[in-house]
Amino acid sequence: MIPEERPDGPGAGEESGRLQAAGSVRKGCDPLAQTQRGRPQSHRARIHQQINKELRMRTGAENLYRATSNARVRETVALELSYVNCNLQLLKEELEDLSSSVDAAQPESEGVTVPMIPLGLKETKELDWSTPLKELISGHFGEDGTSYEAEIRELEDLRQAMRTPSRSKAGLELLMAYYNQLCLLDARFAAPAGSLGLLFHWYDSLTGLPAQQRALAFEKGSVLFNIGALHTQIGARQDRSCPEGARRAAEAFQRAAGAFSLLRENFSRAPSLDMSPASLSMLEQLMAAQAQECVFEGLSLPAPMAPHDCLAQLRLAQEAAQVAAEYGLAHRTMTQPPVRDYVPFPWTTLVHVKAEHFRALAHYHAAMALCDGPPAAEVEFPALEQVFLGLPASSEPRGPALPQEQEERRKLGKAHLKRAILGQEEALRLHAVCRALRRVDLLQAVLVQALQHSLAKYSELDREDDFFEATEAPDIQPKTQQRLEVRAPSFSQVKVADIFHRLGPLSVFSAKNRWRLVGPVHVTRGESGFGFTLRGDSPVLIAAVIPGGRAAAAGLQEGDYIVSVEGQPCKWWKHAEVVARLKGAGAEGVSLQVVTLLPSAEPPGPGDRRPALGGLLRSQKECSWDMPVPARASPRPLLGWSRKARRGKTGGRLSPAPHP
């Protein structure tokens, strides 16, 4: 991990960045740190002190940023916030590594891998859900808000836990569980015209600037951003010196790209720069490039190739060219406004270094195929044309034909090595330009090792009688055998129970609907039963009322939902349970409590529990959030920012009220 240097003036903040690298643990000088057990405890205490110091600095800078209107002062404070944000991310990662039993350093391996770019998590402030939710439960749902203190406390504990997730599968599941709960909260408490009365406060992951919004969608989007960011950290920590580690890293970066893509498609009005469409497109492209790099590493990891394995070298040349093309596209995206104004400068430089490095590797592997391969007569010549000329096997040749003589192939291979050497020297030059990258010894080792291999091969091919330089080596055509696609997070695999399921099924009991509570209503049994027909589950719907029957006389109407039988809540009862309870009623009848949904245009009556928000009469099977106890989160990862309501077909069983 590279610590960012404090910016000394305008523009110096470009040195900010976060790159993965092996590092050494600083040793304390106090006596406690000299013991085996006291050393990590002392280190952890110092990290906590530094975190508290940075938090105090951020609070002061944030207050100044909000209070001042001077553009120059705001620019200076923004730079300071960016520096503090980077330091906090580094300190928290160091604390995570200290608490983990896994060594955070790069694993020892024969091959050296290039560092990846992980993304820092967005930070947030504590949030008090208690007051607005209690008021909404009491006012809209007509229940005692204080009786839901346990549920509110469970929600607050879940949010507090997701602020510091572990960099593991458990941390991802924690974030996705909270995201699924937010989807349930959105379905139950979010009103069409209004908010929950909460102010969600998050810090920009790239700049550290504060952003706040009252929309629950901002909270959901920030959590989704952190899901993608956590995937990048998990991918960067994998041991890519083995095929399984490279595969897991590629999958993690695919998931990260999928999270950013999902966020970009559903959130168009970002209050912070890191969640703007331009930033999300850049992050999606960067993660796709890193996933493609993992594919190349996985293909180059198996047992060493035979010296004359020409086709394998050609495949590696095309794979390296594909990685270079992906990083080239990512670099162009990073250098376009407005992204270039706030993306960390070390990120842009590292992406440029990787583009040059893998382009040079493509030429190196092509040269190895030409020079160390078997004679042209034994090689699939169309394969060479596809690599160097980009021709399909059935097309006519274009441009100069590839040499088939061994001497001519040696000269062409030498030309490719020359381009490889020039590219690797350019990558080293770019590496030296960035002050932050110069501290990454691992990156420099990779570049130097690649250059040394190219120089050694070039010296082997060089002859004293080579008076004429070979023609310019053609570009290597990019191609991959395992082109990766973005993969959205698997929200459906994380099952959660609706914390507020006691309020009733979401199809009826949500802030989007208005209803009137009627009852208790006493209904006696007549010759034809109670005089109504039931349908559906949770809650059971009165589908029809017989005119002149006992139910009609008691005031029950078609479309009412039964919520209580003999004083016992039955919002979550199945159809058969309600029917069985009615059959068990004696001649004295049964006491029912029902709710009647009101259309949005109907003014509230005197019997309303609250002038609740409007909604048309719908059966519980018309709502995708209908779930039996315990309620489960919808598997669809919709954010709800621009979602249109979907109406299904009314369905359910019809059954008349039980006869005597």
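Residues numbered from 1 in each chain as written. Predicted model: local features only at pLDDT ≥ 70, side-chain atom pairs only at ≥ 80, totals over all residues. Heavy atoms only, no water.

- Under the annotation held in an unreviewed UniProt entry, the protein chain carries the name Rhophilin-1 and is attributed to Ceratotherium simum simum.
- UniProt, in its Sequence similarities (unreviewed entry) section for the protein chain, records the words "Belongs to the RHPN family." (UniProt positions renumbered as here; feature names shortened; annotations may be inferred.)

## Concerning the packing of helix α9 (residues 310–334) against helix α10 (residues 345–372)
Logical step 1: Here α9 crosses α10 at 160°, and the two axes come no closer than 7 Å. Of the possible angle classes, the one that applies to α9 and α10 is roughly antiparallel. In this structure, α9 crosses over α10, and the sense of that crossing is left-handed.
Logical step 2: Residues belonging to the contact of α9 with α10 are distributed by class as follows: 20 nonpolar, six polar and two charged. (Axes fitted to C-alpha atoms, helices over the stretch in contact; angles between N-to-C directions. Helix = DSSP H or I, 4+ residues; strand = E, 2+ residues; numbered from the N terminus. Parallel < 35°, antiparallel > 145°, perpendicular 65-115°, else oblique. Left-handed = near helix turned anticlockwise from the far one by under 90°. Nonpolar A, V, L, I, M, F, W, Y, C, P; charged D, E, K, R; others polar.)

## Points about the packing of helix α7 (residues 243–266) against helix α8 (residues 277–299)
Logical step 1: At their nearest, the axes of α7 and α8 sit 8 Å apart, and the two run at 165° to each other. Looking at the two axes, α7 sits roughly antiparallel to α8. Along this stretch, α7 crosses α8, giving a crossing that reads as left-handed. In contact with A246, A249, A250, F253, Q254, A256, A257, F260, S261, L263 and R264 of α7, α8 contributes P277, L280, S281, L283, E284, M287, A288, Q290, A291, C294 and G298.
Logical step 2: Along the lines of polarity and charge, the residues of the contact of α7 with α8 split into 15 nonpolar, five polar and two charged. (Contact = heavy atoms within 4.5 Å.)

## With respect to the nonpolar core
Logical step 1: Among the nonpolar cores identified, the biggest contains 122 residues, and W129, F189, V223, Y327, W347 and F500 are the most heavily contacted of them.
Logical step 2: Top element by residues in this core is α10. It accounts for 14 residues.
Logical step 3: Listed in part, the 21 residues of the second largest apolar core include V521, F530, F532 and V594. (Core = buried A, V, L, I, M, F, W, Y, C linked by side-chain atoms within 4.5 Å. Buried < 20%, exposed > 50% of the residue type's maximum accessible area, 1.4 Å probe, protein only.)

## A few points about unusual backbone geometry
Logical step 1: Note the cis peptide between P337 and P338, where omega equals 0°.
Logical step 2: Looking at where P338 falls in the secondary structure, it is placed in the loop between α9 and α10.
Logical step 3: Residue S538 is not a glycine yet carries a positive backbone phi of 45°.
Logical step 4: You can see S538 is positioned in the loop between β4 (532–535) and β5 (540–545).

## Description of the pairing of strand β8 (residues 590–598)
Logical step 1: With seven of nine residues buried, β8 lies mostly within the body of the structure.
Logical step 2: Of the strand pairs in this sheet, strand β3 (residues 514–523) and β8 are connected by eight bridges, and their pairing is antiparallel. Paired with W515 across the strands is L597, a residue of β8.
Logical step 3: Sheet analysis places strand β6 (residues 561–565) next to β8, joined by four bridges and oriented antiparallel. In the sheet register, S564 faces β8, and the bridge partner there is Q593. (Pairing = 2+ DSSP bridges.)

## A few points about the pattern of salt bridges
Logical step 1: Taken as a whole and assessed by the stated rule, the structure comprises 18 salt bridges.
Logical step 2: The salt bridge partner of E293 is K354, with a shortest N-O separation of 2.9 Å. Here E293 is found in helix α8, whereas its partner K354 is found in helix α10, with 61 residues between them in sequence. You'll find E293 and K354 in the same group, each marked buried.
Logical step 3: Salt bridges sharing partners connect three or more residues here, namely E244, R247, R248, E251 and R487. (Salt bridge = Lys/Arg side-chain N within 4 Å of Asp/Glu carboxyl O.)

## Structural notes on the packing of aromatic side chains
Logical step 1: In total, this model carries ten aromatic pairs according to the counting rule given.
Logical step 2: Both rings, one in F141 and one in F189, keep their centres 5.8 Å apart while their planes meet at 75°; by these two values the pair is edge-to-face. Highlighted residues: F141 in the loop between α3 (130–139) and α4 (149–162) and F189 in helix α5 (residues 169–189), separated in sequence by 48 residues.
Logical step 3: By relative accessible area, F141 is classed as buried at 7%.
Logical step 4: On the basis of relative accessible area, F189 is assigned to the buried category, the value being 2%.
Logical step 5: Among the aromatic residues, those joined into a cluster by ring pairs are F141, F189, F500, F509 and W515.
Logical step 6: R502 extends its terminal NZ or CZ atom over the ring of Y148, reaching a point 4.1 Å from the ring centre.
Logical step 7: The aromatic ring of F509 is capped on one face by K571, whose charged end is 4.5 Å from the ring centroid. (Phe/Tyr/Trp six-rings, centres within 6.5 Å; stacked < 30°, edge-to-face > 60°. Lys NZ or Arg CZ within 6 Å of the ring centre and 35° of its normal.)

## Points about the side chain of E356
Logical step 1: With respect to the secondary-structure elements, E356 resides in helix α10.
Logical step 2: Of the residues examined, E356 reaches a relative accessible area of 17% and is grouped as buried.

## A look at the environment of V223
Logical step 1: Within the secondary structure layout, V223 lies in helix α6 (residues 216–236).
Logical step 2: For V223 and K122, which are 101 residues apart along the polypeptide, the C-alpha to C-alpha distance reads 8.3 Å.
Logical step 3: The residues contacting V223, other than those within four sequence positions of it, are M162, L175, Y178, Y179, L182 and W202.

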